[in-house]
Amino acid sequence: MESRYKSFRYVESLSEFIDQQVTLRGWVYNITGKGKLQFIMLRDGTGIVQCVVFKNNVGEEIFQQTKELTQESSVSITGKVVSSEKAPGGIEIDVTNLEVIHIAKEYPITPKEHGDAFLIEHRHLWLRSSRQNAIMRVRAAVMKAIRDFFDGNGFKLLDSPILTPNACEGTSTLFETKYFDLGSAYLSQSGQLYAEASALALGKVYTFGPAFRAEKSKTRKHLTEFWMVEPEMAFFDLNDDMDLAEDLVEYIVQFTLKTCKKELEVLERDIRPLEKVKRPFYRMSYTEAVEWLVSNKIPLVQKIDGKDVESEFPWGEDFGAVQEEAIMEQFDKPLIIHRYPTDIKAFYMKRDPDNPKVVLAMDMLGPEKAGEIIGGSQREDNFDLLLDRILNENLPEEEFKWYLDLRKYGSVPHSGFGLGVERVVKWITGAAHIRETIPFPRMIYRITP
Ligand code: 4AD
Ligand code: MG
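Per-chain numbering applies: the sequence of each chain, read as written, is numbered from 1 onward. Note on labels: chains are lettered from A, ligands numbered from 1, in written order. Local features are withheld for residues below a pLDDT of 70 in this predicted model, meaning they are given only at 70 or higher, and side-chain atom pairs are given and counted only at 80 or more; totals for whole chains, interfaces and linings count all residues. The basis for the side-chain values is all heavy atoms of the structure; hydrogens and waters are excluded.

**Some points on the site of ligand 1**
Within the structure, ligand 1 sits among 24 residues, and Glu169, Gln192, Arg213, Glu230 and Glu372 are positioned closest to it. Definition of a polar contact: a pair of N or O atoms within 3.5 Å, with one able to donate and the other able to accept a hydrogen when the atoms are protein atoms, and with sequence-neighbouring residues admitted only if both atoms are side-chain atoms. Contact distances for ligand 1 include 2.7 Å between a nitrogen atom and a side-chain N or O atom of glutamine 192. Leucine 223 is positioned such that a nitrogen or oxygen atom in its backbone is 2.9 Å from a nitrogen atom of ligand 1. Per-residue and other accessible areas were derived by the Shrake-Rupley procedure at a 1.4 Å probe size, with only the shown protein chains allowed to occlude residues. Computed on the free molecule, ligand 1 has an accessible area of 630 Å², of which 94% lies beneath the protein chains in the complex. Of the grid points, spaced at 1 Å and generated over the protein atoms alone, those admitting a 1.4 Å probe that cannot get out make up cavities, while open sets with protein on both sides within 12 Å along at least five of seven lines make up pockets; any residue with an atom within 4 Å of a point is treated as lining. Whether a molecule lies in a cavity or pocket depends on its atoms, and more than half of them have to be within 2 Å of the grid points. At a threshold of 2 Å from the grid points, most atoms of ligand 1 map onto the largest pocket. Starting at the N terminus, helices and strands are each numbered in turn, a helix being any DSSP run of H or I of at least four residues and a strand any DSSP run of E of at least two. Mapped by element, the contributors of at least two residues to the shell around ligand 1 are strand S11 (225-234), strand S19 (371-378) and strand S20 (414-420). Looking at the shell around ligand 1 element by element, the count peaks at five residues for S19. Partitioned by chemical class, the residues of the shell around ligand 1 number eight nonpolar, eight polar and eight charged. Put simply, a residue is near a molecule or strand once any heavy atom of it comes within 4 Å of that molecule or strand. Residue classes follow a fixed rule: Ala, Val, Leu, Ile, Met, Phe, Trp, Tyr, Cys and Pro count as nonpolar, while Asp, Glu, Lys and Arg count as charged, and any other residue, Gly among them, counts as polar.

**A few points about the sheet that holds strand S8 (residues 176-178)**
Taken in spatial order, the three strands of this open sheet run S7-S9-S8, and their pairing is antiparallel. Looking along the sheet, the strands with just one partner apiece sit at the ends: strand S7 (163-164) and S8. We treat two strands as partners when DSSP finds at least two bridges between them. Pairing geometry for S7 and strand S9 (residues 184-187), over two bridges, is antiparallel. If you follow threonine 164 over to S9, its bridge partner there is tyrosine 186.

**A short note on the environment of arginine 269**
Mapping arginine 269 onto the fold places it in the loop between helix H7 (261-266) and helix H8 (272-275). When near neighbours in sequence (up to four residues on either side) are disregarded, arginine 269 contacts Leu264, Leu274, Glu368, Trp427, Ile428, Thr429 and Gly430. A distance of 2.8 Å separates the side chain of arginine 269 from the side chain of glutamate 368, its partner in a polar contact. Separated by 2.9 Å, the side chain of arginine 269 and the backbone oxygen of isoleucine 428 make a polar contact. Contact definition: two residues touch when any of their heavy atoms are within 4.5 Å.

**Focus on a nonpolar patch on the surface**
To count toward a patch, a residue needs a relative accessible area above 30% and no salt bridge. Like charges then connect within 9 Å, nonpolar side chains (Val, Leu, Ile, Met, Phe, Trp, Tyr) within 5 Å. The term salt bridge refers to a pairing of a side-chain nitrogen on Lys or Arg with a carboxyl oxygen on Asp or Glu at a separation within 4 Å. Among the surface-exposed residues, Leu163, Tyr179, Phe180 and Leu182 lie close enough to one another that they form a single nonpolar patch of about 480 Å² accessible area. Tracing the sequence through the fold places leucine 182 in the loop between S8 and S9.

**Quick look at empty space enclosed by the protein**
Grid points are joined across faces, edges and corners, and a volume is the space filled by probe spheres set on the points. Throughout the structure, instances matching the rule amount to two cavities of 30 Å³ or more. The volume enclosed by the largest cavity comes to roughly 50 Å³. Lining the largest cavity are Thr164, Asn166, Cys168, Ser188, Gln189, Ser190, Leu193 and Tyr194. Taken together, the residues that form the lining of the largest cavity break down as three nonpolar, five polar and no charged. Reported here for the second largest cavity is a volume of approximately 30 Å³. As for the second largest cavity, its lining consists of Glu215, Ser217, His222, Leu223, Thr224, Met443 and Ile444. Considering only residue class, the lining of the second largest cavity consists of three nonpolar, three polar and one charged.

**A closer look at the layout of surface pockets**
Quantified by volume, the largest pocket comes out at close to 1400 Å³. Considering the residues around the largest pocket, the lining is formed by 50 residues, among which Arg213, Glu215, His222, Lys345 and Glu372 are closest to the centre. Among the elements of the structure, S11, helix H10 (321-328), S19, S20 and helix H13 (421-429) are those that each provide at least two residues to the lining of the largest pocket. Considering each element in turn, the lining of the largest pocket owes the most residues, six residues, to S19. Each residue belonging to the lining of the largest pocket can be placed in one class, and the counts come to 19 nonpolar, 14 polar and 17 charged.

**Let's talk about the sheet that holds strand S4 (residues 74-83)**
In any sheet, the strands associate via hydrogen bonds between backbone groups, in a parallel or an antiparallel arrangement. Reading around the barrel, the five strands line up as S1-S2-S3-S5-S4 and close back on themselves, with mixed pairing between neighbours. Taken over all neighbouring pairs, the strand axes of this sheet differ in orientation by 50° on average, direction set aside. Here ten bridges tie S4 to strand S5 (residues 91-102), and the two strands are oriented antiparallel to one another. The residue of S5 that forms the bridge with valine 75 is valine 100. To define axes, lines are fitted to C-alpha atoms, for helices over the stretch in contact only, and angles between the resulting N-to-C directions are given on a 0 to 180 degree scale.

**With respect to the pairing of strand S15 (residues 335-338)**
We call a residue buried when its accessible area falls under 20% of the maximum for its residue type, exposed when it is over 50%, and partly exposed in between, using a 1.4 Å probe and counting protein chains only. Taking every second residue as pointing to the same face, both faces of S15 are buried, with Leu335 and Ile337 on one and Ile336 and His338 on the other. Where S15 and strand S18 (residues 361-366) come together, four bridges link them in antiparallel fashion. Paired with histidine 338 across the strands is methionine 362, a residue of S18.

**Quick look at the pairing of S4**
In terms of burial, S4 is a largely internal element, eight of the ten residues being buried. The sheet contact formed by strand S1 (residues 21-34) and S4 spans seven bridges and is antiparallel. In the strand pairing of S4, glycine 26 is matched with valine 75.

**What to know about the packing of aromatic side chains**
Here the aromatic set is Phe, Tyr and Trp, taking the six-membered ring for Trp, and pairing holds for ring centres within 6.5 Å; pairs whose planes are under 30 degrees apart are stacked, those over 60 apart are edge-to-face, and all others are tilted. Within the structure shown, the criterion is met by 20 aromatic pairs. When the centroid spacing of 5.4 Å and the interplanar angle of 65° are considered together, the rings of phenylalanine 8 and tyrosine 10 count as edge-to-face. Classification of tyrosine 10 by relative accessible area gives partly exposed; the value is 33%. Taking the centre distance of 4.7 Å and the plane angle of 40° together, the rings of tyrosine 282 and phenylalanine 331 count as tilted. Of this pair, tyrosine 282 sits in strand S12 (residues 282-285) while phenylalanine 331 sits in the loop between H10 and S15, and the two are 49 residues apart along the sequence. What makes phenylalanine 331 buried here is its relative accessible area of 16%. One aromatic cluster in this structure is built from Phe149, Phe150, Phe155, Tyr206, Tyr251 and Phe255. Positioned above the aromatic ring of tyrosine 340 is the side chain of lysine 345, whose terminal nitrogen or guanidinium carbon lies 4.3 Å from the ring centre. Just above the ring of tyrosine 403 sits the side chain of arginine 407; from NZ or CZ to the centre is 4.3 Å. Definition used: whenever NZ (Lys) or CZ (Arg) falls within 6 Å of the ring centre and also within 35 degrees of the ring normal, the charge is taken to sit over that ring.

Here it is, written out as structure tokens:
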């Protein structure tokens, strides 16, 4: 790439240019100085390097301009790359020329501590800070690992539509929009139903895009718009599905450890727990998980008349963060919980032939309080049983006609899952809140910037 854009270099490649003259372009991260010296910390998105401006080397006029630089002013700097033990990163630039591109107005984000509300309000600028830069680079690595994993394992990328006529993950969390003369359309909660059609056409597919949930959840793990990758495989049963989920998560974590050493250092992430993320992970059934909760006296807490009421955790209830975190405390690697009660899971999941009270579903929980990172299942492939569930949930049969067709023409066992990108990035980076793991987060109380 760089050969065609030779006019300037990037900070990340400076070690290849020791003792050579280079031009860098970027922004002033910080500037200090005294007497005939100014030290500019220059950031260009790929890294930060110290640039030393010595009055005798640049002359009176440029030295004066340097002294007037403000935080985030944009500049073009030319100088010699020298290795220096004193400089942060071991490299600095002996500046011979400096051109001011733009003098920044007083920058609102300074090195002092800012409150969360202030930072999120200034997300368009906050992205420039070292921590956010590192999180975004990890995010890019996670996305690349996902694509590489599937492309390298015979999967075809077939994207599902965003505008859809029906719900996939329950009707209570839908964003609705007018759609010409055809009534309402909804922003997709999941590409799965279409991925099933694609899998029956191409065998192994994945869809990778944004998903939307009009959920009233204000937790540190919920966005209203998030990115999900959803593989779907013909002829895979639940076990195959769980094996694939383990392979994918191991690949993502190990790829990120290998390619994002610097970023994880900036984030001060202890990487030892991540290094352990290798197959096999742990597995237990929902029923075993409930037994564990009961014998370890982790109760169900319900709000009744505004008061918290505790009771022994009953079989059939969904796990909340409290139960998930308690269970995960024993585990240093992800855990897959499988075979959840039919009543708390989606209509498309296949009932277990050995016990119709449960479905062939699985959730993967991450260690270190990562929470649910994957949800998936084997799909109901029997026409009558699926229709039964659609009617039971009061879903519009007409809108699901095409989906039922998949059970009419060469129906086969098939499975898939969805992995939430931001949940994984939060876990790997150790970010305090999911809003830091996507460039411009969408949450119930925020749609700007
Ligand atoms: O468990 P979910 O709802 O499963 C599905 O949507 C299935 N249709 C997927 C499939 O089988 N193809 O969501 C899957 C994952 C969750 O495990 C979580 O990682 C993430 O998507 N996720 C969210 N991430 C951020 N904010 C939210 N509001 C999320 N809801 C789900
Ligand atoms: Mg789920």
